[in-house]
Structures are given as C-alpha cells and as structure tokens.
Amino acid sequence: MRKTIVLALAAVLAEPMAKDVPKVPLSDLVRRSSVVVVGKVDRVETVAGVRVAQVTSQDVVKGESVPATFAFVAEGTWACDVSTATEGETALLFLQDPVPSTGTSKLAGLWPALGTRKGFIISLSGRGRMPVHEGSRDRHVHSLEYFDEVATWPDTCKECRGREKPLADLLGQLRSIVDEQRPPR
Ligand SMILES: [Zn+2]
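Thresholds applied
- Residues numbered from 1 in each chain as written.
- Predicted model: local features only at pLDDT ≥ 70, side-chain atom pairs only at ≥ 80, totals over all residues.
- Helix = DSSP H or I, 4+ residues; strand = E, 2+ residues; numbered from the N terminus.
- Buried ≥ 20, exposed ≤ 12 C-beta atoms within 10 Å, placed from the backbone.
- Contact = placed C-beta atoms within 7 Å.
- Core = buried A, V, L, I, M, F, W, Y, C linked by C-beta atoms within 7 Å.
- Pairing = 2+ DSSP bridges.
- Expected span 1.5 Å × (residues − 1).
- Arc of directions from axis to C-beta.

**Q** Explain the overall build of the protein residue by residue, including any values.
**A** The number of helices and strands found in the protein is five helices and eight strands. Counting helices and strands in the order they occur from the N terminus, the protein gives α-α-β-β-β-β-α-α-β-β-β-β-α. The buried share of the protein, reckoned over its 185 residues, is 31%. Long-range pairs, those at least 24 residues apart, make up 60% of the contacts in the protein with a sequence separation of at least 6.

If you want it as structure tokens, here you go:
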C-alpha cells in the first residue's frame with residue numbers, strides 16, 4: 001500500500017507543469033480550425049524570411065476545399081507560439097486561415113510570396129500539430145498535454161509516454177465532432 005502511494009506521488013511529481021496547463025476539449029480545437037487534415041510534410045523551406053512547411057494532404061477530416069498541397073507557418077511568431085514542423089513527418093494538423101489583422105510584420109510578406117499556394121497557421125499557436133508515429137502496435141498520434149482526450153492509450157511509445165492515441169480512433173472521434181458542428185442546411 002505504502003509503495004503504491006510513493007509510486008503515485010512520483011508520477012505526479014514527474015509532471016510538475018501538467019496541472020497548470022489549461023486543457024482544451026477537442027471540440028474547441030476543431031471549432032477553431034478551418035481545416036483538419038492528416039498530411040505529409042514534404043519539405044520545410046524559408047519563404048520571405050519565414051520557415052514554412054509544404055504539405056501533401058492524405059486524409060481530410062474538415063475543410064473539404066483544402067487543396068491537395070498547401071503550406072503552413074512552421075516557426076513561432078510570438079513568445080508562446082510553438083509552431084514547428086519536421087521534414088518528412090506525417091502529422092494530424094489543425095489549421096487556421098491567416099487573419100490579416102493578426103498577421104505580425106514578420107508574416108506580412110509571406111502571404112503574397114506564397115503566390116497561388118494556400119497558406120495556413122497551426123491552431124492554438126502550434127498546439128494543433130500532432131505528429132503521427134508508426135508504433136509497434138499501432139499508428140498513433142503524439143499530442144501535447146493540452147488535450148486530455150488524446151491521452152487515453154496505454155503507454156506504448158517511449159517518445160509519447162501516454163500522450164498518444166491510435167490515429168484511426170482519433171479520426172473517428174474527430175469526424176463525429178465535425179458532423180455535430182456542421183451547420184444545418
Ligand atoms: Zn509515439
């Protein structure tokens with residue numbers, strides 16, 4: 001019994017920040033995102049001084065009009081922005097259309113420089129990027145600590161350490177959310 005308590009305490013102490021991080025329901029993340037898509041990052045390049053990921057879409061969950069290839073900003077543009085991308089990765093991406101009024105001076109030159117390429121920013125300042133891992137038992141996504149609903153799977157991946165969920169399960173859940181949020185026609 002005592003050993004159990006010590007182990008439980010150790011687990012809590014190993015995550016000192018967890019309880020301070022505001023949690024976001026997946027439904028909020030979907031609502032804030034104009035596009036939800038599984039995509040492959042073909043390359044990461046610099047356009048008009050901004051790090052940009054070039055993506056090929058593989059599975060569209062929301063935003064049927066998203067082109068087969070598109071771009072997103074892959075660097076932080078303010079202090080708490082964790083936007084990034086890794087060349088060659090596949091990721092579940094929650095993306096927003098850039099809003100001109102929130103465009104920092106750094107991004108101002110990017111949108112015209114992309115030309116005909118459609119460009120997005122990652123929702124929640126980068127939190128809307130969940131890399132897909134090919135685990136030994138499943139194909140799963142790795143999420144940050146903001147999304148409790150993506151931390152339900154037993155700890156099967158050393159990198160994810162429980163912050164993971166099988167991709168197929170999560171896509172099913174997201175499609176239900178998208179259906180619920182679709183305005184009646
Ligand atoms: Zn993993």
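**Q** Mind laying out the nonpolar core, listing which residues take part and the relevant values?
**A** Judged by nonpolar contacts, the single largest core of 37 residues is most densely connected at Val36, Val37, Ala53, Phe72, Leu92, Leu93 and Leu95. Where this core is concerned, the elements lending two or more residues are helix 2 (26-32), strand 1 (35-47), strand 2 (50-62), strand 3 (69-73), strand 4 (90-96), strand 5 (119-122) and helix 5 (167-181). For Leu95, the contacting residues outside a window of four places in its chain are Ser33, Ser34, Val35, Phe72, Phe120, Ile121, Ile122, Ser123 and Gly128.

**Q** Give me the lowdown on the pairing of strand 7 (residues 139-142), citing residues and values where you can.
**A** The pairing of strand 6 (residues 129-134) with strand 7 spans three bridges and is antiparallel. Opposite Glu134, over in strand 7, you have Arg139 as the bridge partner. Linking strand 6 to strand 7, which pair antiparallel, is a turn of four residues.

**Q** Pulling in residues and values, what's your account of the environment of Val41?
**A** Take Val41: it is sitting in strand 1. Given 21 C-beta atoms within a 10 Å radius, Val41 is considered buried. Setting aside residues up to four positions removed in sequence, Val41 forms contacts with Ala53, Val55, Ala85, Thr86, Glu87, Gly88, Glu89 and Ala91.

**Q** Before we move on, can you summarise unusual backbone geometry with the specific residues and values?
**A** Phi is positive for Leu124, close to 50°, though the residue is something other than glycine. Within the secondary structure, Leu124 sits in the loop between strand 5 and strand 6. Phi at Ser125 takes a positive value of approximately 50°, unusual for a residue other than glycine. Tracing the backbone through its elements, the reader meets Ser125 in the loop between strand 5 and strand 6. The exposure class of Ser125 is partly exposed, given the 15 C-beta atoms found within 10 Å.

**Q** If you had to explain the environment of Gly128 to someone new, which residues and values would you point to?
**A** Among the structural elements, Gly128 can be located in the loop between strand 5 and strand 6. Not counting residues within four places of it along the chain, the set of residues in contact with Gly128 comprises Leu29, Ser33, Leu93, Phe94, Leu95, Ile122 and Ser123.

**Q** Lay out helix 5 with the relevant residues and their values.
**A** Along an α-helix, residues three or four positions apart point the same way, because every turn accommodates 3.6 residues. A rise of 1.5 Å per residue sets the reference length of helix 5, with its 15 residues, at 21 Å; its end C-alpha atoms lie 21 Å apart and thus fit the reference within 8%. Burial in helix 5 covers these residues: Leu167, Leu170, Leu174 and Ile177. One face of helix 5 carries all of its buried residues, which in axial projection span an arc of 90°. Opposite the buried face of helix 5, at more than 90 degrees from it, the exposed residues are Ala168, Gly172, Ser176, Asp179 and Glu180.

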